[in-house]
Protein chains: 2
Amino acid sequence: MLALAGIPLGLSFRFLDPAPDAPAGEIGELIVGAYDDPALLDRLADGAAAVTYEFENVPVGAAQRVGAVPAAAALEASQDRLVEKRLFRRLGIPTARIDDEVEAFPAILKTRRLGYDGKGQRLLSGPWTGAVPGHVLEERVAFDRELSLLAVRGRNGETRFWPLVENVHEDGILRSSRAPALDAPQAAAEEYGRRLLDQLGYVGVLALELFEVGGRLLANELAPRVHNSGHWTIEGAATSQFENHLRAILGLPLGSTASRPALLRNLIGTAPAAHAVLAVPGAHLHLYGKQPRPGRKLGHVTLVEPTPERERALESALADARPR
Amino acid sequence: MLALAGIPLGLSFRFLDPAPDAPAGEIGELIVGAYDDPALLDRLADGAAAVTYEFENVPVGAAQRVGAVPAAAALEASQDRLVEKRLFRRLGIPTARIDDEVEAFPAILKTRRLGYDGKGQRLLSGPWTGAVPGHVLEERVAFDRELSLLAVRGRNGETRFWPLVENVHEDGILRSSRAPALDAPQAAAEEYGRRLLDQLGYVGVLALELFEVGGRLLANELAPRVHNSGHWTIEGAATSQFENHLRAILGLPLGSTASRPALLRNLIGTAPAAHAVLAVPGAHLHLYGKQPRPGRKLGHVTLVEPTPERERALESALADARPR
């Protein structure tokens, strides 16, 4: 989706991916190999105006070798839940209670590193008796809802935000995002987002995942990249997160984040028939060209100007989804 | 632009183009060779769900060999100005006076075939003394403005129209298109468009170029393909002409043509600096990856929700355009 946004800007793309069938190979040069292979990294970066990533488990050393934007600080924080929590707290951004602060059990014992889509988490019935190496214990938050803030910061420090998004997860995987989240604390979220972006000297799109609890926001995690909960911006915003990420890392002026209501619905494990989705007024289909696999995100549908009727029609269209 | 619209639908693309540096090669398999090479045509069509064209001087025989959609009738009419005029007239669609009907001189002597961007035309001071082989004489129309109607018809005969567009040509090349054309005779244009589409049993996007003279419409020519004056639909319409063309030829449901105001500005011969264009609120840049050449369309900018201020800002940004 980054490349699809960048080709009209006159850009061309080269990708590094361990998977030989990575869909990006359809729209650019694909280098197949490990993210930390120095020779491949050098080939990737050779002559490039900018190098970026859209997966936060890229090794920090690899990102540094190619001079990737956004720079390493955000990547490091996003790869370690404890470093991340400490960053939030240093900036006065509230988080859930962790480790010895935890009062309510069962609590969630999370691996500090390499968690993704709910993986690497288990419940600890407690009580806490000292740190488990490589893990952080988090108190479960009885949140009212999950929100995410999509933000972009340019090389000159200019910062823009899209409207807060309300997210619904299922089995730890994002199922749907609704923008804008109704009656959401936009100003507070932007204040937290701005602190993060400025502290990190960040360039590019960043997503901040938040819990809303009684009108108060707790930061859950940050993603130093374009984010699934922002895919609706392709049709729903004046400038998509993909185009603004490219504009930012290339030092181009940022585009407007003015938005209209949109509902994003992920296609997980199975894909619907195209004709069924395209018959739904306001529905835009995005398939990623990936092989079906349980739990895998195969694509998404964005419903612009969603109405209850359109949403019902979309759910009907998705009801016959199967591996295809 | 067809491929960029189709990749999110899960489609992949193969192209046939005589130019080895055709930009389409960036986003699909490029077969380099003549449009009428039977072996290459067979390779092009091998396993394809549909074959189409976006250049109306493709040989009719080539289109037939690969079973291209839209089918040959519209292509034949668009390749011969006399056949085209006769088709319009048979359907009760008014045109300029031709050949022995011409009353006012100088009139325009046009080649019947292979005219493009104003090429193949010259003034005849008259009077008409009989047909010039391979040419048609057209009376010059003192039109109030040039309009085009973008239409799409599905395999099931369903037809949709985008709002009429007002076009400005310079040296025979489209310079800008404004949608919607203000106070335009939409109903009359759609009636003519519908007659054409139904008569031809057309499937796909078709553009009908019209002159408006004292509130009356004269058909000038038809283009059996996505059309430059419809490029604004990428950002300006709920469904772009490119996506609806693909939907039509693949037998998928057509998407809404609901539109918002947009101004399309072609980049001819030279291209502006990206940073200058992207600083203009509402501007969307589309570069085609072509080598600069005088008179060549290198890209376009779409300005959504244009205001006099935005238009002035865009023209300033374009003022420093040069070959790049």
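Up top is the structure.
These numbers come from a predicted model, not from an experiment.

S.K.: Just checking my understanding: could you explain the sheet that holds strand 4 (residues 121–124) of chain B for this structure?
M.R.: The strands that make up a sheet pair up through hydrogen bonds in the backbone, lying either parallel or antiparallel. All names here are of chain B. A sheet is described by the order of its strands in space; here three strands give the open sequence 4-3-5, paired in antiparallel fashion. Among the strands making up the open sheet, the edge pair consists of strand 4 and strand 5 (135–138). The sheet shows a mean angle of 30 degrees between the axes of neighbouring strands, taken without regard to direction. Note: strand 3 (residues 107–111) against strand 4, four bridges, orientation antiparallel. Residue pairing for strand 4: I108 is matched across the bridge by L123. Together, strand 3, strand 4 and strand 5 form the strand contacts of helix 5 (residues 81–90), whose direction differs from that of strand 5 by roughly 50 degrees.

S.K.: What should I look at first to understand the relation of the copies chain B and chain A in this one?
M.R.: Applying a rotation about an axis and a shift along it to one chain copy brings it onto the other copy. The two copies are related by a screw operation: chain B maps onto chain A through 180 degrees of rotation and 0.0 Å of translation along the axis, at an RMSD of 0.0 Å. The symmetry that links the two subunits is that of a two-fold axis. In terms of proximity to the rotation axis, the leading residue of chain B is I27 of chain B, whose C-alpha is 2.2 Å off the axis.

S.K.: Whenever I open this one, the environment of H231 of chain B confuses me. Can you help?
M.R.: All names here are of chain B. Along the chain, H231 falls in the loop between strand 11 (216–223) and helix 7 (233–236). Taking the relative accessible area as the measure of exposure, H231 reaches 8% and is therefore buried. In this structure the C-alpha to C-alpha distance between H231 and V301, which are 70 residues apart in sequence, comes to 9.1 Å. Ignoring any residue separated from it by four or fewer positions in sequence, one finds H231 in contact with M1, Q241, F242, L264, Y288, H300 and T302. In this structure the side chain of H231 is engaged in a polar contact, spanning 3.1 Å, whose partner is the side chain of Q241.

S.K.: I would appreciate a short explanation of helix 8 (residues 241–249) of chain B in the present structure.
M.R.: One turn of an α-helix holds 3.6 residues; hence residues three or four places apart share an orientation. Where burial is concerned, most of helix 8 of chain B is hidden: nine out of the nine residues are buried. In the core, the buried residues of helix 8 of chain B are packed alongside helix 9 (274–278) and strand 13 (283–287) of chain A together with helix 1 (2–6), strand 6 (145–153), strand 10 (204–213) and helix 7 of chain B. Of the residues one or two after helix 8 of chain B, G251 of chain B is the one with positive phi, at around 75 degrees.

S.K.: I keep staring at the sheet that holds strand 5 (residues 135–138) of chain A and nothing clicks. Help me out?
M.R.: All names here are of chain A. Taken in spatial order, the three strands line up as 4-3-5 in an open sheet, and their pairing is antiparallel. The open sheet is flanked by strand 4 (121–124) and strand 5, the only strands paired with a single partner. The sheet shows a mean angle of 30 degrees between the axes of neighbouring strands, taken without regard to direction. As judged from the four bridges shared by strand 3 (residues 107–111) and strand 5, these two strands associate in the antiparallel manner. Note that in strand 5 the partner of K110 across the bridge is V136. Each of strand 3, strand 4 and strand 5 is contacted by helix 5 (residues 81–90), which is oriented at about 50 degrees to strand 5, the strand it contacts most.

S.K.: For this particular structure, what's the right way to read the interface of chain B and chain A?
M.R.: Quite often, the size of an interface is put as the accessible area lost when its parts meet. In this assembly, 24 residues from chain B lie in contact with 24 residues from chain A. For the pair chain B and chain A, the summed buried area comes to about 2000 Å², and 65% of that belongs to carbon and sulfur atoms. The largest share of the area that chain B buries against chain A comes from L4, P8 and L278 of chain B, three residues that together contribute 26% of it. For the interface between chain B and chain A, the tally reads zero salt bridges. At the junction of chain B and chain A, the tally comes to four residue pairs in polar contact (both at pLDDT 80 or more). Going through the elements one at a time, helix 8, helix 9 (274–278) and strand 13 (283–287) of chain B are the ones with two or more residues in the side of chain B that touches chain A. The greatest single-element share of the side of chain B that touches chain A, amounting to five residues, is contributed by strand 13 of chain B. Of the residues assigned to the side of chain B that touches chain A, the class counts are 15 nonpolar, six polar and three charged.

S.K.: I'm lost on unusual backbone geometry in this one. Help?
M.R.: Comment: phi is negative for the bulk of residues other than glycine, and the bulk of peptide bonds are trans. Residues and elements named next belong to chain A. For the bond running from F105 to P106, omega is 0 degrees, close enough to zero to count as cis. Its place among the elements puts P106 in the loop between helix 5 and strand 3. That bond from A179 to P180 is cis: its omega, -5 degrees, falls within 30 degrees of zero. The residue D99 is not glycine, and still its phi comes out positive at about 45 degrees.

S.K.: Any chance you could explain the packing of aromatic side chains here in plain terms?
M.R.: How two aromatic rings sit relative to each other is set out by the distance from centre to centre and by the angle between their planes. Counted under the stated rule, the structure contains six aromatic pairs over all chains. Ring geometry for F13 of chain A against F15 of chain A: centres 6.2 Å apart, planes inclined by 15 degrees, an arrangement best described as stacked. With a centroid separation of 6.0 Å and 40 degrees between ring planes, the pair formed by Y35 of chain B and F55 of chain B is classed as tilted. Placement of Y35 of chain B in the loop between strand 2 (29–32) and helix 2 (38–45) and of F55 of chain B in the loop between helix 2 and helix 3 (60–65) is noted, with a sequence separation of 20 residues between them. Among the residues examined, Y35 of chain B registers a relative accessible area of 22% and is labelled partly exposed.

S.K.: Looking at this model, I keep getting lost on the pattern of salt bridges. Mind explaining?
M.R.: For side chains of opposite charge, pairing can occur when their charged atoms come near one another. Evaluated as defined, the whole model comprises 40 salt bridges over all chains. One salt bridge in this structure joins D42 of chain A and R65 of chain A, with 2.9 Å as the shortest N-O distance. Taken together, the residues span a long stretch of sequence, with D42 of chain A in helix 2 (residues 38–45) and R65 of chain A in helix 3 (residues 60–65) at a distance of 23 residues. Take R65 of chain A: its relative accessible area is 46%, and that puts it in the partly exposed class. With a shortest N-O distance of 2.9 Å, R97 of chain B and E139 of chain B are connected by a salt bridge. With R97 of chain B in the loop between helix 5 and strand 3 and E139 of chain B in the loop between strand 5 and strand 6, the pair connects residues that are 42 residues apart, well separated along the chain. Here the residues in one salt-bridge network are E170, R175, R265 and E315 of chain A, joined through shared partners.

S.K.: Would you explain the side chain of T302 of chain B in this entry?
M.R.: All names here are of chain B. The topology assignment puts T302 in strand 14 (residues 297–304). T302 gets classed as buried once you look at its relative accessible area, which sits at 0%. Apart from residues no more than four positions distant in its own chain, T302 is found in contact with H231, W232, E235, A262, L263, L264, G282, A283 and H284.

S.K.: Even after reading the chapter, I still don't get helix 6 (residues 186–200) of chain A, so can you show me in this structure?
M.R.: Residues and elements named next belong to chain A. Between its terminal C-alpha atoms helix 6 stretches 21 Å, which fits the 21 Å expected from 15 residues at 1.5 Å a residue. Along helix 6, the residues classified as buried are A189, E190, Y192, G193, L196, L197 and L200. Looking straight down helix 6, one finds that the buried residues subtend no more than 165 degrees of arc, so they occupy a single side. Within two residues after helix 6, G201 carries a phi angle of roughly 55 degrees, on the positive side.

Criteria and cut-off values
- Residues numbered from 1 in each chain as written.
- Chains lettered and ligands numbered in written order.
- Predicted model: local features only at pLDDT ≥ 70, side-chain atom pairs only at ≥ 80, totals over all residues.
- Heavy atoms only, no water.
- Pairing = 2+ DSSP bridges.
- Helix = DSSP H or I, 4+ residues; strand = E, 2+ residues; numbered from the N terminus.
- Axes fitted to C-alpha atoms, helices over the stretch in contact; angles between N-to-C directions.
- Contact = heavy atoms within 4.5 Å.
- Least-squares fit on C-alpha atoms with pLDDT ≥ 70 in both.
- Buried < 20%, exposed > 50% of the residue type's maximum accessible area, 1.4 Å probe, protein only.
- Polar contact = N/O pair within 3.5 Å; in protein donor to acceptor, adjacent residues only side chain to side chain.
- Buried area = accessible area lost by both parts, 1.4 Å probe.
- Salt bridge = Lys/Arg side-chain N within 4 Å of Asp/Glu carboxyl O.
- Nonpolar A, V, L, I, M, F, W, Y, C, P; charged D, E, K, R; others polar.
- Phe/Tyr/Trp six-rings, centres within 6.5 Å; stacked < 30°, edge-to-face > 60°.
- Expected span 1.5 Å × (residues − 1).
- Arc of directions from axis to C-beta.

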